[in-house]
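Listed here are the chains, written in short residue letters.
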Amino acid sequence: MAEPYLSVRGLVKRFGPFTALAGVDLDVYPGEVHALLGDNGAGKSTLIKTLAGVHQPTEGQILIEGKPTEFRSPRDASAAGIGTVYQDLALNQLLSVTRNFFMGRELISPLGTMRTKEMNEIAHNEMLKIGIDFSDPTQAVGTMSGGQRQTLAIARAIYFGAKVLILDEPTSALGQKQQMGVLKTIKRVRQRGDIAIIFITHNEIHSRLVGDRFTFLALGKVIGAGASEEISDTEMRRLMSGGAEMGDLKQELASI
Amino acid sequence: MSDRSESDRLKQEGWLGRTLRRPEIGSFIVMVVIIVALAMASEGKAFNALGLKNNVAIISQLGIIATGAALLMIAGEFDLSIGPMIAFAGMSIAIMMKWGLPFGLGEATPFLAFLITLCMTLAFGWLIGNIIVRSGLSSFIVTLAFWFFLRGLTEVCFRLINQNTNVSGLPDYKETSWFAEQMGGEVFGWFYDAWFWIGTKVGAGLEFTADMSRDAKIDLITQLGFLNINRKMEQWVTGFDARLLWFIIIAGVAWFVLNRTQLGNWIYATGDNQDSARANGVPVDQVKIGLFMFSAFCATIFATCQVFDTNSSDAAKGMFKELEAIAIAVVGGILMTGGFGTILGVIFGAVTFGLVANAVFFIPWIDGSWFRVFVGTVLLAAVFANERIRKRITGGI
């Protein structure tokens, strides 16, 4: 097994008296989809925000290729190769696909002008690589479907050098067909072999379809982890509901 | 590709369809209607040599501040302090010209007075911008506060230094200062030279047939009247106000920045969704502060042109100008919510507003206050139209 690109050791994050993460370990390997599962409030969001440099860990370490690293800002994290695709995608609906693709990192000529034509071509080609042939990169993002927006955000993160791609519930709020489109995109990125994907989801089926490795969070702790083939469906369902047995839940429900 | 069909659900349109969907199409149509209506109602007087000069003067004046207001609105903020900033800058320049530089540093030259004033107004713009980005307060409240602050400050300074809230009868600096000439003088004299040259040629070529009555001859001349066949007889116009050049420069730079530069992308991104812009590394705060300073710069240019054109200034200058600038930007297709709009639309809006504001001079039977009635109506219509555009683009319901 190759070295993990990103490792997290004993990560603790407290907000005042509230402990959001109580010692999390995580290893993410290139060319793998690492599904991060957990109920609402399990700490998934805090974990990815810490990895993305939005929050600073209270205790514990983040290692990039084995070297302890500190992220003081989202910029640090993205310089270290961590590309985060948030649920809201950080896209501007009124702007064109190209303007969004290069937002904040425009290609400029020595005279300070944007190399618009080149930018259009790159935006088109990068999206084509992971599965969308978008004919007109000058059209507004507002006209795209949810799945296409995901693809745009993912293509953008990869183009700007992401080695770890964090996808925050990319399939939620999408229709069935578009969900499949996003899963295909994830598979295509995985195929490249050099990018590690952290796939955050609520959806058991989706994580089964593309996940190579699973980590389950509940109340800020890792309650289960392992490769896909090591975890049975029953076990998975138990872990997803925060560690409670299905039987217990049935009993609880029946008693109401 | 399986997703191909989905992406191409957006209909490919022809040239006409694309043109009709451009954000400035509404303001363009309104502008054409106004031009035609005004030309007819004023019997061509609005666009004869003098009429054109006067109209262009007010169009440029409004266009200068509207451009500043528009860029700021595209970045999602707006500035109510434009009018008082004009009054403050006008006061500052006029008082320096009359009473000399501050701290007894001697006589002021027009350029020096402008430079010192610009430093002050840019500092105010910087301050406004910083307060807004640091506090997260709405720009409406902060710039409203500066509306009162600057109006009051202008009057206080006038009374303290000048004992009177107006400075008038300054010498005509245009004759002695190159800078004053560039701000308050005239430009594009060649345009009128050409105009009158053509007029003379056409006039000379008029064919009066022997059987024409005297009235018929006069009719023929009047029909060509807007060409001012005899320049000396009608009026003597030698060029446009220098403001026109400044309007062209400012609008040109704004257009270039928005469409061709990285900064332009940052301005759009900031106004559309500042959180996502920030997440992508756009320096949102700096963009906003810079644009508040640009708005102050436009107000200063407005005031400088005014002072050196009229050789006077008073505390009531720039009244309502902030509202007119915002109205022009909105009519020009800029969304109140930011992130969308073009400079071309703002130019169309400025032309429309300038013509209507001036219409009373060319149509004697019209009450000047219809201007505001018109503005109110068009503004409301524009907001509805813009809202439709926004929904169409964002796919909203």
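Note that the structure is predicted; figures quoted are calculated from it, not measured. Within each chain, residues carry numbers counting from 1 in the order of the written sequence. For naming, the first written chain is A and the first written ligand is 1, with later ones following in the order written. In view of the model being predicted, local features appear only for residues whose pLDDT reaches at least 70, and side-chain atom pairs are presented and counted only at 80 or more, with totals across whole chains, interfaces and linings using the full set of residues. For side-chain calculations, the full set of non-hydrogen atoms in the structure is used, while hydrogens and water are omitted.

1. Considerations on the overall build of chain B
Working step 1: Numbering of helices and strands runs from the N terminus; a helix is a DSSP stretch of H or I covering at least four residues, while a strand is a stretch of E covering at least two. The number of helices and strands found in chain B is 17 helices and four strands.
Working step 2: The rule is simple: take the accessible area with a 1.4 Å probe, protein chains only, and divide by the maximum for that residue type; under 20% is buried, over 50% is exposed, in between is partly exposed. Taken across its 397 residues, chain B has 50% of its residues classed as buried.
Working step 3: Taking as baseline every contact in chain B between residues at least 6 positions apart, the subset at least 24 positions apart corresponds to 78%.
Working step 4: What sets the accessible areas is the Shrake-Rupley method with a 1.4 Å probe; for residues, cover comes only from the shown protein chains. Here chain B displays about 18,800 Å² of accessible surface, and carbon together with sulfur accounts for 66% of that area. What makes two residues a contact is simply this: any of their non-hydrogen atoms within 4.5 Å.

2. Focus: the environment of glutamate 24 of chain B
All names here are of chain B.
Working step 1: Inspection of the secondary structure assignment puts glutamate 24 in the loop between helix 2 (15-20) and helix 3 (25-41).
Working step 2: Remark: the alpha-carbon pair of glutamate 24 and asparagine 55, spanning 31 residues in sequence, is separated by 21 Å.
Working step 3: Beyond its immediate chain neighbours, meaning those up to four positions away, glutamate 24 contacts Thr342, Leu344, Gly345 and Phe348.

3. Re the packing of aromatic side chains
Working step 1: Stacked, tilted and edge-to-face pairs are distinguished by plane angle, under 30 degrees for stacked and over 60 for edge-to-face with tilted covering the rest, among Phe, Tyr and Trp rings (Trp via its six-membered ring) whose centres lie within 6.5 Å. Under the counting rule described, the total for this entry stands at 24 aromatic pairs over all chains.
Working step 2: Measuring from centroid to centroid gives 5.1 Å for phenylalanine 101 of chain A and phenylalanine 102 of chain A, while their planes differ by 55 degrees, and the two rings are tilted.
Working step 3: In this structure phenylalanine 101 of chain A comes out as buried when scored by relative accessible area, which is 0%.
Working step 4: With centroids separated by 6.2 Å and ring planes inclined at 40 degrees, the aromatic side chains of phenylalanine 78 of chain B and phenylalanine 140 of chain B adopt a geometry described as tilted.

4. Considering unusual backbone geometry
Working note: non-glycine residues mostly have negative phi, and peptide bonds are mostly trans.
Residues and elements named next belong to chain B.
Working step 1: Of note, the phi angle at phenylalanine 188 is positive, near 55 degrees, even though the residue is not glycine.
Working step 2: In this fold, phenylalanine 188 is placed in the loop between strand 2 (186-187) and helix 9 (189-204).
Working step 3: A positive phi angle, close to 55 degrees, is found at asparagine 311, a residue other than glycine.
Working step 4: Positionally, asparagine 311 belongs in the loop between helix 14 (284-310) and strand 4 (313-314).
Working step 5: According to the relative accessible area criterion, asparagine 311 is buried, its value standing at 12%.

5. Brief notes about the sheet that holds strand 1 (residues 6-15) of chain A
Residues and elements named next belong to chain A.
Working step 1: The antiparallel open sheet is built from four strands, whose spatial order is 2-1-4-5. Edge positions in the open sheet fall to strand 2 (18-28) and strand 5 (67-69), since each of these has one partner strand only. Each adjacent strand pair in this sheet contributes to an overall mean axis angle of 30 degrees, direction not counted.
Working step 2: One bridge is not enough; two strands pair if DSSP finds at least two bridges between them. Of the pairings in the sheet, the one linking strand 4 (residues 59-64) to strand 5 comprises three bridges and is antiparallel in character. From the neighbouring strand, leucine 63 faces strand 5, where its bridge partner is proline 68.
Working step 3: Running at roughly 65 degrees to strand 2, helix 1 (residues 44-51) makes contact with strand 1, strand 2 and strand 4 of the sheet. Between N-to-C directions, angles span 0 to 180 degrees; the directions come from axes that are lines fitted to C-alpha atoms, helices contributing only their stretch in contact.

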